[in-house]
Every structure is written in C-alpha cells, then in structure tokens.
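# Fold and contact review
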Amino acid sequence: MFFSGDSSNRKRVDLGGRSTKERDRQKLLEQTRLERNRRLWLRQQNSSATKIQKCFRGRKVARLEYSKVREQFYGTYGEHFQNADKSCFGPDSDFLRQLLFFFDARSVGDFTVLVETCRLLQKFVRDTGDIVSLFAGMDYSSKQALVNYRVKKLTYMCIKAVHQNRNQMKDQLFASPKESTVSTTLLLETVVLLTNHKLPWVCRTVNYLLERKAFTLFREIILTGRASIENHDSVGRVSSLERTLAVVISHIGQEPCNCSNVGAHWSFSSQILTIPFLWRLLPHLKEVFSARGLSQHYIHQMALCVHNHADVLPNDTSVELPSYACLLGNILESSGVALSQPDHSFELAVDLAAVATFLLESLPSIKSLNRRSKEDSMVGEDDMTEGGDAMEICLNNDLERQICEAIDSRFLLQFTNVLFGGISAVSDPHKAPDDKEISAVGAACAFLHVTFNTLPLERIMTILAYRTELVPVLWNFMKRCNENQKWSSLSEQLAYLLSGDAPGWLLPLAVFCPVYKHMLTIVDNEEFYEQEKPLSLKDIRSLIIILRQALWQLLWVNPTASSNFSKSVTSTPANKKHPVEFIQQRVGIVASELLSQLQDWNNRREFTPPSDFHADGVNDFFISQAVIENTRAHDILKQAPFLVPFTSRVKIFTSQLTAARQRHESHSVFTRNRFRIRRDRILEDAYNQMSALSEEDLRGPIRVTFVNEFGVEEAGIDGGGIFKDFMENITRAAFDVQYGLFKETSDHLLYPNPGSGMIHDQHLQFFHFLGILLAKALFEGILVDIPFATFFLSKLKQKYNYLNDLPSLDPELYRHLIFLKHFKGVISELELYFVIVNNEYGEQTEEELLPGGKNLRVTNENVITFIHLVANHRLNYQIRQQSSHFLRGFQQLVQKDWIDMFNEHELQLLISGSLDSLDIDDLRRNTNYVGGYHSEHYVVDMFWEVLKSFSLENQKKFLKFVTGCSRGPLLGFKYLEPLFCIQRAAGSATDEALDRLPTAATCMNLLKLPPYRSKEQLETKLMYAISSEAGFDLS
C-alpha cells in the first residue's frame, strides 16, 4: 500500500516529558492533600472555638459565683467586719472558706478585706496567744487537713496580694513591723506569723509556697521596691519583708523539714541571691543567711547545679548587672561571715569554691576598680577575642567593687584556713594524699586560678604569700603527688572544670607558681639561703626539676593549639570555651617566669647545678628549628630560654648576628664610614663623628684611622683589627668612672651615675651613644672588658629590680632595711618617714617616696612598703633616665628578642666573655702555621711554653696584640674568625733579622714571629712587643 499523505494515524508526542495521565495523577494528589488540610484546619478552628466558648462561659459563671459569695460574706460579717470575732477563723466557720474562694488580688475591695483579716488575725493571736486553737479549735489532729489547707492558702494569698499591688505600694514594700498600720506590714507579718517554725503546719505551708514559685514573687517585690528604699532611713531597721524571707529560708533544708525539692530555677538561690546588692537592701537577711548553716545548704544546692552544668539563673536586670555576677557578689559578701562562724564546715568551703569558680569564669576581667584607668600594658591587640564578634561586657562599677572587696584578706585567710586546717605543710613524703586533701587542694586551686585571671592581683598575692600557708601546703601536696603518682585523682576531682585527659598538676602549678614568684620578689637573701624559708634548698632543687619537666611537656611534647606562648594570656570569652588550653598556656607562662626567677637566685649564689634548668629533650633537631622564626622551638627559646644549654643559645645568637651582618653587607660593597680618631681624645672624636650615623650605617662596616699624640696617623690599614682595637679603647674610656657617666659598686661593677647630669650637660645623649657602642661590639662579636652590675643589666632586658638586688649596689643600706624588716620593737619610735636623702657630690636632696611622705611615719604596718619603696628608688627610679637612653641606643643594633635568650649573668658573658684564665691549650689546638712553621717546630714549641708562663694580664695583652681584643671568643678559639695563625718572619736567621720584634696583623689574627734561637730571647722580644702600647706602628 502506498503512502497517501494522511497524517491522522501518526503517533502523538508530548514534549513535556511526561504523559498526560501522569500529570493528571499528580494534580489529583495535590488537590486531595489541600482538601485534607483544609478539613483539618476547619476541625481545629471549631475545636478551638468550642474551648474558648467553654472557658468564657466557665469564667463568667465563676465570676457570678464569686460575686454571690462575696455578697454573702459582706452580709454575714459586715462591710467593716463589725460582726467578725475570733471564731471566724475556726474550722466550723465559713469566714475563711468564703474569703479564700472569692478573693481576687487585683480587686481593691478584696485587697482591703484581706488586709483587715490579717489585722484581726494578729489581734486575736495577741489576745489568746494560741494560733493553733484559733484555726483548729480544741482538736487539731481531727481537723488537720482542713486547717493545713486554709493556712497555706491564706499565706500564699498574702504574698500574692503584695506582689499584685507592688507598684501601687512601692514606698511601703520595705516597711518595718513598727509601721503596723501599713498594708504591706500587716500582710507580710501575717506570713511570718503563719510560718513560725514551731507550728505543726509549717512544713506543708512552706512546701506549698515553693510549689507556687513564691521566691519569684519575692524577687519582683524586692526589685520594685529597691529604688524607694534609698529614701527611707533603714539603719537599724528590719523590714517585714526581711522577716518573711528569713522565716521561710530558715525552714528549708533544716530539721525536721521534709519539703519536696522544687526546680532550682525557682529556688531562693536563683531568684533572690541574684538580686543586685541584695545585702544592702536586706542586711538582716544577710545575718540570717550566713548563720545556722543556712548558707551551706543553699551553696550546696548551687554546687550541684554547677557539677550538672545546669543553667538556672533568671534574666538579667540590666546589661551591666548580669545575674551571675550579682549572685557571685552576694555569695562572696555573705561567705566571709559564714566562714567566720565557729560551726563552719569543710564542705561549705569546697562547695563555695566550686560555685565561685564557675561564676568567676563567666566574669569579664577586672583589672582595676576604676574601669577608666589605663589598661594593663601587657594586654595587646592579639589578646582580644578572635574575630571581634564578641562584645566585651562591662560590669557596673559598684558591682565590680562588691566582688573585689569581698575577696579581701579576711576572706582569703578564712577560706584557706578552713580548707587547709587539717592538712600539714610537712608530712611523710611517701604517704599519698588522701581524698579530703585532694578535695581541699582541688577546690582552692580552681578558685584561686580563676581569681588570678579575673580580679586585680596587687592585694591578693601578698596576702596569699605571707599570711597563709598556701605555698608550703601546695608544695608538700605536689611533691607527694609526684612521688606517689596521684595526679589522676586530682583530675577526677576537677572534672567539672577540666577535661578528663588533662594532667592533674595543671591547676596546682597555675596557683603555686605566681604566688611563690611573688614571695620571691619580697624575700631577702638571708631568708632564702640561710633560713631556707619558705622552702628548703633541697625542695627548691626538686621543684626546679618538676617545673622543667612540666614546662617541656607543655611547650614541646604536648603543646596547645596556639603556638604563640610569649604573649600574656588573659581570660576572654574564647578561652572560656577551651579552659584546658587556656590553663596550659597560663601554666607555661607562670612556670617560665618562676624558673627564670629561681635561675636568678642560683646565679647570685649557686645551690644547684645550672644543668638542672636544661630540658633533657634538647637535641640538634631542636636547635636547628630554634633558629627559624614562627616555629615551636623558636617560641620556646623566647619564652623559656633556660631550657636550652647556654652554649647552644650562644651559637643561635651568633648565627643571628652573622645573618644580620650578611644581609647588610650584601647591600653595601664599599665602606662609607671612615673616621680619624685621636687616641687622646677618643671618646669626644667618636661621639662627634658617629652619633649622627643612621641605623643602617651603624650596621655596616666602620673603618678607623688612629692619630697619635704627635698628630701623625698610625701605620696600618684597618681590615677589622684596628676597629676592634678602637672598640676596646673607647669602651674603656667611656665607661671609666673618672669620666663621670658611670659609678662603681663595692665589687667594682659599673652602673649609671645618678648624678651624671651634674657633670655633663649632654649626659643623656652620651648614654644613648654608649648604648650604641656596646650594641656595636655585640653586633660585631667583639668582647669588651666592662663588668656591669646585675641590676643595670636587668634594664637592658627591661626588667624590674627588687629588694634582693640591692646588696650589689649598697650592702650597708640593704643591711639596714633587713634590720627594719625583722625589727621586733615599735618601729614608729625610730622616727622614720617616707622620704629618702640623695647625696651626690656633696649636695643633699630629699625626695618623698610617696605623696605626702614627709608627714607619713613608718610603722610596723607599713614597714614592708617602705623597704620596697627605698629599694625601688635606688635600683630603678634614680637611674631611670640614664638606663632608658642607654637602652634606646642599644636597641638600634641589637633586637630585644636576641638578648631575651640570656639572663643577666649570661649577658655579661656575651659582653665580656669568661672571667676565667685564657685557655692557651685551646688556642694552640686551633692555630694554623705558614711560612715554614708547623706544630712541632722548635720555635713554635718555645713560643707556646713562653705564652703559658705569662701571667693572665700579659696573656690578655698578647691576645689584644694579635687579634685587637683582649678577650677570646665566648665558645672557644675554634670560633675565632679567621683562626689564629703564626707566620715565620725574617726568612734568614741572621742577627739583624733576629733582632726584630714580633709583629701582628689583627685583621687576619696573624702573628709574624721571627725564628728566635732561645726561649729567653723569644720571651724578651714578645713581652716588649705586647707591652709597647705603640698602637699599630708595630703591625
């Protein structure tokens, strides 16, 4: 069959992708779903309408019934209660039944009826003296259920009435019982009457109030009336509201109370103790709460919430008065009284520590009672919360003051005495701590650690260090835990604060280290070394090992996520989320500071080998990493350099200087700075020509040409050797005490002359220049023989000097101050005042140590302050300007990070090298020979024998003769660049040739030695050459 062109039988194609049947099916399902939802909505609408109508009809019927019963009540007893008598309160009377039924606290008439009822009740109780028979008749047991119901309803109704009308009566809410005509007094005194602890229904009544969240009502009543109480003279008055709360809280938790536990959110602790400045409003309640064990019950309840991580606090009254901070302030203020009670308990102190720790953790840091004061200099931009999305909370000034003043000396003494009362500071080291001791130490450390990071430390540390047994108790505990492996028990005790895998020694070290460090700043040398207080030297050696191991564990083995250890750690919202990391970083800082301080004590008088401070894990890999910035090893080197042996740190320091010099030399091909210096005017010429150099020029090579006393340029080309000679000579001249810029201690150690301004008008500019000179010597690796006093070297490290540094400056003044410190008599009789007399070049001036110090007498109470102010004046204040300008010049060339690796004793070695004799054998091992000489040549053997026979002074002269510097390299002659070399001079051994003197090329550390025939001749010629002081005319 042929195609006809008819397309009617052609298959239809739907370009929609689905068949028509499928589309119709989906549409039908959607319509069905919408219809089903519409029917459901109609049913819900009808059901809701039915409920609303039912409720409305019920309320309408109830209101009619209330009105009907109210009319019957007035008809029976009269509108002014003229028909009421004491029988109205009996079980057979309808008086209370009707009143409890129709009473509405919002109705003015009903409120008046209730007030009059309370007035009658109090009158009848005063007349009969028996409230139980008034409600129950002669047989309470048979009417118990009815009486209990009526009493608890009436009690709650009185509280509800005050709450409902609190705004209208806000001036009466804190009225006293003496104001007997005031409505709030009548209502609240009735509550006091009905909840007397001797009444048989008191437990059921109080329980009913708790179930109806009565403390929430009390909270709103107090908050409403607190503004008006300031207008009342409340001194010595006890308000009816206080009496009501006192009666209710005195029952809860006490024998024979069997009240059921209500939600913690509605409890007294949550609703009342979170009211701002509660004890100002209700001072009598504070006395009640602090006594009779009440505080223990409520604080224990809060401690359970802390351990269960329950949030039970009400909404904040304002942004500046958060509920948790108000709760903390009220608890701390009342706890001082509670802990002073003779019946205080260990459990109270433990629970208090748990609650206060939890609340303090949430508190923003309080650095000062004056929020507008200058921020702590240690806090930088990096210490702020990351991201900047968390706004810092600022507490109300009065609230900050309440919290800070609550943790005073009295509180800290009582708190530690209760916790540590049964713990001995000295016990068997082989006996592990028991559970009670672990609880005490855990509670104290948790509380104090958070306190240190939140509150100002100036008062807290001194109290803990000198008026409590905290340091010896904690050390004894840590020592026994370390020996008996009991740290895990402490971790379990503090599980609510730390994660389970956190080491138990974290918190004890976080508290022990700053307190003991503070103690070491005030203790004197006799107490530390001779009396061995507070710890024996043996114990300190053990402590050093424990701290070293803990620090290495924290910083290298198991470091925290943050790699920047050197910055100060402050308590921020970000740290709250990671408390273990925060504590680890904090322990890393305080343990480093304490170990550094113990190393300073060991440098003054060695009581343990210096190697005890070195970590066992420092190896070549660590050293190679420490040179690289932003590595963990480099950060450790900045924070805890004493963990690394001194020689390794010197190598790192030398490599840093070499790298810095090479970076500069790569940019400067030619020497731009050449100076002519007169030897007899070396300091003035150098100052005039070099003081204007830029930092870049100072880092580059400087070449010097000396001019002798005849005005003739000395022979020799400066390839570095003349400059070394110049540096040694100018430093000797500049730091000479005869020049007047520096003075000597009794040990011939140098420090800035406080009276330098009386000698030189430009003395501060000279100190800046001398700082540059010393830095240039360090930068070029030139050792100079300048013995500085330790307290001045501290200024190069920007450290503060304390009393124990004073003996190096003025031993006599130190002895007098120590005499004062231990004086047993009445110090005020010595007629000392807060002034100090300065005597510079015969001119005496008097300075006040404190404002008004001329009129402030030194007493037994302030003598410690006086002693440290005197030490501060002599060690820090007098030389502050000179030290500051010296430091500025010094830091132009030497970065602070470079010298922070070294303590003061080590810094002196960097500047001057070892004070011990020169190691001639080491020099011989690292010597090259040219021109026909070799190590076994007879002239060489004679030379070394002669050199070894020289005195130390002549050996130093020889070293200066051949190298330009009288001190050898700090790490030995192996590091002399280039190595020392002996070259044969005068090729022929003729008499004329042998008559020549040895010469030297200091830029190459080269000695040109003729082949002398005898040891005597060699010694004579060599001695003449090194002693001639002919500059470089012999080179």
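Starting from 1, residues in each chain are numbered consecutively following that chain's sequence as written. Side-chain atom pairs in this predicted model are given and counted only at pLDDT of 80 or more, local residue features only at pLDDT of at least 70, and totals for whole chains, interfaces and linings cover all residues. Here the side-chain values reflect all heavy atoms present in the structure, with hydrogen atoms and water set aside.

Turning our attention to the overall build of the protein. Secondary structure follows DSSP: runs of H or I at least 4 residues long count as helices, runs of E at least 2 residues long count as strands, and numbering of each begins at the N terminus. In terms of helices and strands, the protein carries 44 helices and ten strands. Contacts are assigned to residue pairs that have any heavy atoms within 4.5 Å of one another. Restricting to contacts in the protein with at least 6 residues of sequence separation, those with at least 24 account for 77%. For the protein, the exposed surface amounts to about 50,400 Å²; the carbon and sulfur share of it is 50%. In this description, accessible areas are obtained by the Shrake-Rupley approach with a 1.4 Å probe, and a residue is regarded as covered only by the protein chains that are shown.

What follows concerns the nonpolar core. Grouped together as the largest cluster of nonpolar side chains are 282 residues, with contacts concentrated most on Phe135, Tyr516 and Phe726. It is helix 24 (residues 537–557) that provides the largest number of residues to this core, a total of twelve residues. Residues in contact with phenylalanine 135, not counting those within four places in the same chain, are Phe89, Gly90, Pro91, Leu96, Leu121, Val147, Val151, Leu154, Leu194 and Trp201. Val939, Phe950, Val962 and Leu1007 belong to the second largest nonpolar core, which has 29 residues in total. Residues belong to one nonpolar core when they are buried, are Ala, Val, Leu, Ile, Met, Phe, Trp, Tyr or Cys, and are joined through side-chain atoms within 4.5 Å. Categorising residues by exposure relies on relative accessible area from a 1.4 Å probe, with only protein chains included: less than 20% of the type maximum marks a residue as buried, more than 50% marks it as exposed, and the intermediate range marks it as partly exposed.

Adjacent strands of a sheet pair through backbone hydrogen bonds, lying either parallel or antiparallel. In short, DSSP must find at least two bridges between two strands for them to pair. Overall, mixed pairing links the four strands, which are arranged 7-8-10-9 in an open sheet. In this open sheet, the two edge strands, each paired with only one partner strand, are strand 7 (927–930) and strand 9 (999–1001). Neighbouring strand axes in the sheet, compared pairwise and without regard to direction, differ in orientation by 25 degrees on average. Sheet topology places strand 8 (residues 980–984) next to strand 10 (residues 1006–1009); four bridges connect them, and they run parallel. Bridge pairing links glutamine 983 to lysine 1008 in strand 10. Angles shown run from 0 to 180 degrees and are taken between the N-to-C directions of axes, each axis being a line fitted to C-alpha atoms and, for helices, limited to the stretch in contact.

As for its placement among the helices and strands, threonine 745 is situated in the loop between strand 3 (742–744) and strand 4 (750–752). Other than its neighbours up to four places away in sequence, threonine 745 contacts Tyr751, Ala789, Phe791, Ser808 and Leu809.

Here glutamate 526 is to be found in helix 23 (residues 525–530). Judged by its relative accessible area of 39%, glutamate 526 falls in the partly exposed class.

Now for the packing of aromatic side chains. Note on aromatic pairs: the rings of Phe, Tyr and Trp (six-membered ring only in Trp) are paired at centre separations within 6.5 Å, and the planes decide the class, stacked below 30 degrees, edge-to-face beyond 60, tilted for the rest. All chains considered together, the criterion is met by 55 aromatic pairs. Here the aromatic rings of phenylalanine 528 and tryptophan 601 are separated by 4.2 Å at their centres, their planes lie at 20 degrees, and the arrangement is stacked. Here the residue phenylalanine 528 occupies a position in helix 23, and tryptophan 601 occupies one in helix 26 (residues 579–604), the gap between them amounting to 73 residues. By relative accessible area, phenylalanine 528 is classed as buried at 1%. Between phenylalanine 834 and phenylalanine 866 the ring centres are 5.4 Å apart and the planes differ by 85 degrees, which places this aromatic pair in the edge-to-face class. Pair noted here: phenylalanine 834 is in the loop between helix 35 (811–821) and strand 5 (835–840) and phenylalanine 866 is in helix 36 (residues 863–877), with a separation of 32 residues, a long-range link. Looking at phenylalanine 866, the relative accessible area reads 7%, which means it is buried. The residue whose ring lies beneath arginine 605 is tyrosine 529, and the NZ or CZ to ring-centre distance is 4.3 Å. When the NZ atom of lysine or the CZ atom of arginine is within 6 Å of a ring's centre and also within 35 degrees of its normal, the charge is said to sit over that ring. Lying across the ring of tyrosine 877, arginine 880 places its NZ or CZ 3.9 Å from the centre.

Attention shifts here to the environment of aspartate 139. Its location among the elements puts aspartate 139 in the loop between helix 4 (131–136) and helix 5 (144–164). For aspartate 139, a relative accessible area of 37% puts it in the partly exposed group. For the purposes of these results, a polar contact is taken to be a pair of N or O atoms within 3.5 Å, where, inside protein, one atom must be able to donate a hydrogen and its partner to accept one; residues adjacent in sequence count only when each atom of the pair is a side-chain atom. A polar contact is formed between the side chain of aspartate 139 and the side chain of serine 141, at a distance of 2.7 Å.

Confidence of the prediction at every residue is given by pLDDT, a number between 0 and 100. Averaged over every residue, the pLDDT of the protein is 84; residues scoring 70 or more account for 87%. Below a pLDDT of 50 lies the segment residues 369–391, which in the model reaches 24 contacts outside its immediate sequence neighbourhood of four places, other chains included. Throughout residues 1031–1035 the model reports pLDDT below 50, and contacts reaching past four residues in sequence, or to other chains, amount to 21 contacts.

Here we come to unusual backbone geometry. In this model, lysine 533 is joined to proline 534 through a cis peptide bond whose omega is 0 degrees. Looking at the secondary structure, you find proline 534 in the loop between helix 23 and helix 24. Proline 978 follows glutamate 977 through a cis peptide bond whose omega is -15 degrees. Note on placement: proline 978 falls in the loop between helix 42 (952–963) and strand 8. In this model, glutamate 532 sits at a positive phi of 55 degrees, which is unusual for a non-glycine residue. Considering the arrangement of structural elements, one finds glutamate 532 in the loop between helix 23 and helix 24. Judged by its relative accessible area of 29%, glutamate 532 falls in the partly exposed class.

Attention now goes to the state of the cysteines. In this description, the term disulfide denotes a pair of cysteine sulfurs within 2.5 Å. Evaluation of the coordinates by the stated rule reveals zero disulfides. For cysteine 118, which is in no disulfide, the shortest distance to another cysteine sulfur is to cysteine 158 and amounts to 3.6 Å.

This part is about the pattern of salt bridges. In the sections that follow, a salt bridge refers to a side-chain nitrogen of Lys or Arg positioned within 4 Å of a carboxyl oxygen of Asp or Glu. On inspection of all chains with the given rule, the structure shows 36 salt bridges. A salt bridge links lysine 286 to glutamate 333, with the shortest nitrogen-to-oxygen separation between them at 3.4 Å. You can see lysine 286 sitting in helix 12 (residues 283–290) and its partner glutamate 333 sitting in helix 14 (residues 323–339), a full 47 residues away along the chain. A relative accessible area of 19% places lysine 286 in the buried class. Between glutamate 831 and arginine 857 there is a salt bridge, with the nearest N and O atoms lying 3.3 Å from each other. Here glutamate 831 is found in the loop between helix 35 and strand 5, whereas its partner arginine 857 is found in the loop between strand 6 (843–848) and helix 36, with 26 residues between them in sequence. A residue is classified by how much of its surface remains accessible, and glutamate 831, at 44% relative accessible area, is partly exposed. Where salt bridges share partners, they join Asp524, Glu527 and Lys821 into one cluster.

Attention now moves to a nonpolar patch on the surface. Among the surface-exposed residues, Met758, Ile759 and Tyr841 lie close enough to one another that they form a single nonpolar patch of about 310 Å² accessible area. Of note, methionine 758 is situated in the loop between strand 4 and helix 33 (763–780). A residue is classified by how much of its surface remains accessible, and methionine 758, at 46% relative accessible area, is partly exposed. Think of a patch as exposed residues, more than 30% relative accessible area, with no salt bridge, where like charges cluster within 9 Å and nonpolar side chains (Val, Leu, Ile, Met, Phe, Trp, Tyr) cluster within 5 Å.

It helps to recall that an α-helix has 3.6 residues per turn; residues three or four apart then point in one direction. Multiplying 1.5 Å by the residue count of a helix minus one yields the expected span of that helix. The terminal C-alpha atoms of helix 14 lie 24 Å apart, and with 17 residues this matches the ideal 24 Å at 1.5 Å per residue to within 8%. Helix 14 sits mainly inside the fold: 15 of its 17 residues count as buried.

What follows deals with the packing of helix 20 (residues 470–484) against helix 22 (residues 506–522). Between helix 20 and helix 22, whose axes approach to 10 Å, the crossing angle comes to 135 degrees. Considered as vectors, helix 20 and helix 22 are oriented oblique to each other. Relative to helix 22, helix 20 is oriented so that their crossing is left-handed. For the pair helix 20 and helix 22, the contacting residues are Leu470, Val471, Leu474, Trp475 and Met478 in the first and Pro508, Leu509, Val511, Phe512, Val515, Tyr516 and Met519 in the second. Throughout, the term roughly parallel applies to angles under 35 degrees, roughly antiparallel to angles over 145, roughly perpendicular to angles from 65 to 115, and oblique to all others. Left-handed is the label given to a crossing in which the near helix is rotated counterclockwise from the far helix by less than a right angle, and right-handed is the label when the rotation is clockwise.

Between helix 15 (residues 346–362) and helix 18 (residues 435–452), the least distance of the axes is 9 Å, while the angle of their chain directions is 30 degrees. In terms of orientation, helix 15 and helix 18 fall into the roughly parallel class. Between helix 15 and helix 18 lies a crossing of left-handed hand. Across the interface between the two elements, Phe346, Val350, Ala353, Ala356, Thr357, Leu360 and Glu361 of helix 15 pack against Lys436, Ser439, Ala440, Ala443, Ala446, Phe447, Val450 and Thr451 of helix 18. Residue composition of the contact of helix 15 with helix 18, grouped by class: ten nonpolar, three polar and two charged. For this classification, the nonpolar set comprises Ala, Val, Leu, Ile, Met, Phe, Trp, Tyr, Cys and Pro, the charged set comprises Asp, Glu, Lys and Arg, and every other residue, Gly included, is treated as polar.

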